[in-house]
Amino acid sequence: NYYMPPGRFRSESNYQSKIRIHVESPRSDVTLVNGRIIDSAESLSGAWMSGAWMDRYKDFFCFRSRNALAARLGACGVNVNVSSLGRFQDILVYILGGVYPDESTPQLWIDKESFKPVRWIVVPKEKSGDGLVREIRYLAWRSVNNVWYPGRIEFYEGDRMIKIIDVLTMDVNPEISAGSFDVESIMANHTGAFPHPAKPANPVNMNPD
């Protein structure tokens, strides 16, 4: 994964012979699987009802300013003007977007001591269509060159964990071409299959500039 705030992100993965590349900019996004564009300019609300909700996990790392992040959470249905105190497993949390223990709205759970996200209810069961909550959990936070990132990210449908991201390496301020995040250029110039990702699965590259 590659981050270039504000709002720019690129992920590359290779799983079961499927090469998936997902790129986002502040105005649009595009997803390719095995060299074919399968999704572009999908709205955040539309993404809730498909597997694309899982792509929301990285939003916290794409925006540095509080206002920009609040705007993104608002676009995802989180009412940042509503908050409460609750408990997640064995820790106290602040909850943005809901009143504990009600989980009928999109909401973000933040560790009361560290102020790091630990749980994001992206799609509450009332909006999922099948009665299953879609949520993302952020675990094993660690710091590299004063940049914090979770070492493990888990994705759930109801009580069933359906996906895990284990972060193997993390680089801060790597050399990344700006064109790698240019969604419009990728859509306009894409003519063939992309090569296999050059790096191991799930490295994290942070460019805070």
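Anything mentioned here points back to the structure above.
All of the points below concern the structure found in this document. (Residues numbered from 1 in each chain as written. Predicted model: local features only at pLDDT ≥ 70, side-chain atom pairs only at ≥ 80, totals over all residues. Heavy atoms only, no water.)

## A few points about the layout of surface pockets
Put simply, the test is: The way it works is a 1 Å grid over only the protein atoms, where trapped points that fit a 1.4 Å probe form a cavity and open points with protein on both sides within 12 Å along at least five of seven lines form a pocket, and then any residue with an atom within 4 Å of a point lines it. Grid points are joined across faces, edges and corners, and a volume is the space filled by probe spheres set on the points. Here a strand is any run of E in DSSP of at least two residues, a helix any run of H or I of at least four, and the numbering for each starts at the N terminus. In this classification, Asp, Glu, Lys and Arg are treated as charged, Ala, Val, Leu, Ile, Met, Phe, Trp, Tyr, Cys and Pro as nonpolar, and every other residue, Gly included, as polar.
Its boundaries defined by the atoms lining it, the second largest pocket holds a volume of some 690 Å³. Residue lining of the second largest pocket: 24 residues in total, with F60, L69, I110, F115 and P117 positioned closest to the centre. For the lining of the second largest pocket, the secondary structure elements donating two or more residues are α2 (59–62), α3 (66–75), β7 (91–96), β8 (107–111) and β11 (147–157). At four residues, α3 tops the list of elements feeding residues into the lining of the second largest pocket. Broken down by class, the residue content of the lining of the second largest pocket amounts to 18 nonpolar, three polar and three charged.

## So, the pattern of salt bridges
Rules: By definition here, a salt bridge exists when the distance from a side-chain nitrogen of Lys or Arg to a carboxyl oxygen of Asp or Glu is within 4 Å. For each residue, the accessible area found with a 1.4 Å probe, counting protein chains only, is set against the maximum for its type, and the residue is called buried under 20%, exposed over 50%, and partly exposed in between.
Throughout the structure, instances matching the rule amount to 15 salt bridges. Here E154 makes a salt bridge to R152, at a shortest N to O gap of 2.7 Å. With relative accessibility at 9%, the residue E154 sits in the buried group. Look at the salt bridges and you will find they share partners, linking E24, R56, K58, D59 and R72 into a network.

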